[in-house]
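As a plain string of letters, each chain reads:
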Amino acid sequence: MKGSDLLVAALENEGVQRIFGVPGEENLDVVESLRHSKIELIVTRHEQAAAFMAATFGRLTGHPGVCMSTLGPGALNFSTGAGYALLGAMPMILITGQKGILTSKQARFQIVDIVSSMTPLTKMAHKIVSTATIPTIVREAFRVARQERPGPVHLELPEDIAAEEVNQISTVPPHPIDIPVAHPAALDRAAAMILESRYPLLMLGAAASRPRLADALSDFVRRIRIPFFNTQMGKGAVNGGSNLYIGTAALSERDYVHHAIDRADLIISIGHDTVEKPPFIMGPRGPKVVHIGYIPATVEEVYFPHAEVVGDVGPSLALLIDRLEGRLKNASALLPLREQILAHLADRATESRFPLTPQRIVHDVRQVMPEDGIVCLDNGMYKIWFARNYRTRIANTLLLDNALATMGAGLPSAMMAAMLYPNRRVLAVCGDGGFMMNSQELETAVRLGLNLVVLILQDNAYGMIRWKQTVDSFADWGLTFGNPDFVKYAESYGAKGSRVDSADGLIPALEAAFAGGGVHLIPAPVDYSENIRVLVDELRKAVPADPQKPSTD
Ligand SMILES: Cc1ncc(C[n+]2csc(CCOP(=O)(O)OP(=O)(O)O)c2C)c(N)n1
Ligand SMILES: [Mg+2]
């Protein structure tokens, strides 16, 4: 047995079934050990995509996804994926190779200090210098990656340690860790504030989307009966409860959902993580906030809760609702605002203008996606529209990144979802900019035989930045580009492609693509003039910048 065999045995011991990556010569011992293992090696066409896929595996399952690269250039290509998992709280293990550490036969060729570069991008970055430590280090890496707040862990395995012969060393068996529930005093304090509140509102943040929380949170929402809104990454955290849904805070202020937020006197904020663009801005005159989370709230200029319930969120919520059920008189005080807020979101959703409006695109995608279908967004202007307007009824059915908010993750995250849920419809929605940042992974998707539809919103521009340019009164300059013929592009990969030529053409194109199976690209032209019309002009008029206290008073 050699070091790499031990590493792979330790990974098998953690239940790892797949590793994504691009090996280099420094990983060849590991590759050979994988060949004799039950773990599948899935090569991607860029390390960034491997990291996005591993992170998404962690996000959707709660178990760390694993990716592997060579030293130097390959490892540096993991940086964005590490940042994505760190800010997004996605458990992941990044394994990178390195030249031997006992001798230096190639001088400094390809050597950069990857452990140092990974240190600020991970929860832990560690160079393995002895085969004897591999079982404990791997166990510790998985423990740290999974522990709240979850995130990435980096392990560097030098090639001579990988190749070193070892006597059999046994792996460390994982055991379940049940984290503590909130303190009774914290629960009592929070319950008292909620009972006193006249206009309570629930907010579901990023950590509310942890896969293991879905049932307990859904139960809490149904029993408390206080209307809820969510942050972008808290979208789709609960199953059902849609009669209490009052909107998504895709903007920080002055959206229709802020009609309710601005009138609330208490916000019960579940799982908010301030990596997200603020869903509302706290100030001296605003509502009180009770933070409920796995970990304490970070204190920010825009977020400084008045009370906290810290501990395992599911069981803590069960204890909290026991203190509240049947005693809440004002639970639905803000519910009358719901219909009016949601009605605005339906505006122009069926308009037959072509190129398509963002509202129509969101509407049509919702028609085509079954309740359990998964939409994975890249980053661009359409993310705001999907966050505001796309309704979800099942947890984790809209995957978006409002943390690192990187372009390029839409396609790889959708590929991972399609691998995990082969019987559900999976749709990637990308801009023409973000799609091209990792479009090479179409080859991986085709090779893996995935069923996946990719909708590319074509404006021949970095649309979101162009929008910001206009909002900030800059000249419209420098942000347009050309595109390949996306249908031919798809075909050249052995995928399929079809164009949308009319407003009524999107639904049939999506339906046909899903029915046909395989990987299917659908480019659709988008009319982004709605960005200014709605998100700037209309909201400026409709939602005052400095709202007075509750008109519902
Ligand atoms: C890797 C990366 N580079 C740059 C940005 C800044 N950025 C945010 S959105 C955006 C434009 C996205 O263009 P596209 O994918 O075409 O979507 P659109 O907004 O046009 O719909 C840019 C450049 C980013 N978020 N991530
Ligand atoms: Mg674009």
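Above this text you will find the structure in question.
Since we're looking at a predicted model, the values are computed, not measured.

Before going further, it helps to examine the coordination of the magnesium ion (ligand 2). Binding of the magnesium ion (ligand 2) to the protein goes through Asp432 (OD), Asp459 (OD) and Ala461 (O), at separations of 2.1 to 2.2 Å. All donors of the magnesium ion (ligand 2) come from a single chain, and their spacing in sequence reads D-x26-D-x1-A. Of this pair, aspartate 432 sits in helix α17 (residues 432–437) while alanine 461 sits in the loop between β16 (452–458) and α19 (463–471), and the two are 29 residues apart along the sequence. With respect to class, aspartate 432 is no different from alanine 461; both count as buried.

Of all hydrophobic cores here, the largest spans 64 residues; its most connected members are Phe229, Val365, Val375, Phe386, Leu427 and Leu455. Looking at this core element by element, the count peaks at 6 residues for helix α15 (residues 381–389). Those residues in contact with phenylalanine 229, other than ones at most four positions away along the chain, are Leu201, Leu202, Met203, Leu204, Ile246, Gly247, Ala249, Val257, Ile261, Ile267, Pro279 and Phe280. Counting 48 residues, the second largest nonpolar core, distinct from the first, contains Ile42, Met53, Ala55 and Met419.

Estimated volume of the largest pocket: approximately 1000 Å³. Elements with a contribution of two residues or more to the lining of the largest pocket: β1 (18–22), α3 (47–61), β3 (65–69), α7 (134–146) and β14 (398–399).

Turning next to the pairing of strand β11 (residues 288–293). Taking burial as the measure, the 6 residues of β11 include 5 buried ones, the bulk of the element. Pairing between strand β10 (residues 266–270) and β11: 5 bridges, direction parallel. Along β11, the bridge assignment pairs leucine 266 with lysine 288. Sheet analysis places β11 next to strand β12 (residues 307–310), joined by 4 bridges and oriented parallel. Its bridge partner lying in β12, histidine 291 is registered against glutamate 308.

The subject of this paragraph is the environment of alanine 132. Here alanine 132 is to be found in the loop between β5 (124–127) and α7. Taking the C-alpha atoms as reference, alanine 132 lies 60 Å from leucine 335; in sequence the two are 203 residues apart.

A word on the site of ligand 1. In the neighbourhood of ligand 1, 18 residues make up the surrounding shell, with Asp432, Gly434, Gly463, Met464 and Tyr528 lying closest. Within the backbone of methionine 381, one N or O atom sits 2.8 Å away from an oxygen atom of ligand 1. Residue alanine 461 places a main-chain N or O atom 3.0 Å away from an oxygen atom belonging to ligand 1. Protein chains shield 77% of the accessible area of ligand 1, which is 580 Å² for the free molecule. Classifying every residue of the shell around ligand 1 gives 9 nonpolar, 7 polar and 2 charged.

Pairing is parallel across the open sheet formed by 6 strands, whose spatial order is β2-β1-β3-β4-β6-β5. With partners counted over all chains shown, the strands left at the sheet margins are β2 (40–43) and β5, one partner each. For this sheet, the mean inter-axis angle between neighbouring strands, taken without regard to orientation, is 20 degrees. In terms of strand pairing, β1 meets β2 through 4 bridges, oriented parallel.

About the thresholds
Residues numbered from 1 in each chain as written. Chains lettered and ligands numbered in written order. Predicted model: local features only at pLDDT ≥ 70, side-chain atom pairs only at ≥ 80, totals over all residues. Heavy atoms only, no water. Donors = N, O, S within 2.8 Å, 3.2 Å for Na, K, Ca; no water. Helix = DSSP H or I, 4+ residues; strand = E, 2+ residues; numbered from the N terminus. Buried < 20%, exposed > 50% of the residue type's maximum accessible area, 1.4 Å probe, protein only. Core = buried A, V, L, I, M, F, W, Y, C linked by side-chain atoms within 4.5 Å. Contact = heavy atoms within 4.5 Å. 1 Å grid on protein atoms, 1.4 Å probe; cavity = no way out; pocket = protein on both sides within 12 Å on 5 of 7 lines; lining within 4 Å. Points joined across faces, edges and corners; volume = space filled by probe spheres on them. Pairing = 2+ DSSP bridges. Near = heavy atom within 4 Å. Polar contact = N/O pair within 3.5 Å; in protein donor to acceptor, adjacent residues only side chain to side chain. Areas by Shrake-Rupley, 256 points an atom, 1.4 Å probe, with all protein chains shown as cover. Nonpolar A, V, L, I, M, F, W, Y, C, P; charged D, E, K, R; others polar. Axes fitted to C-alpha atoms, helices over the stretch in contact; angles between N-to-C directions.

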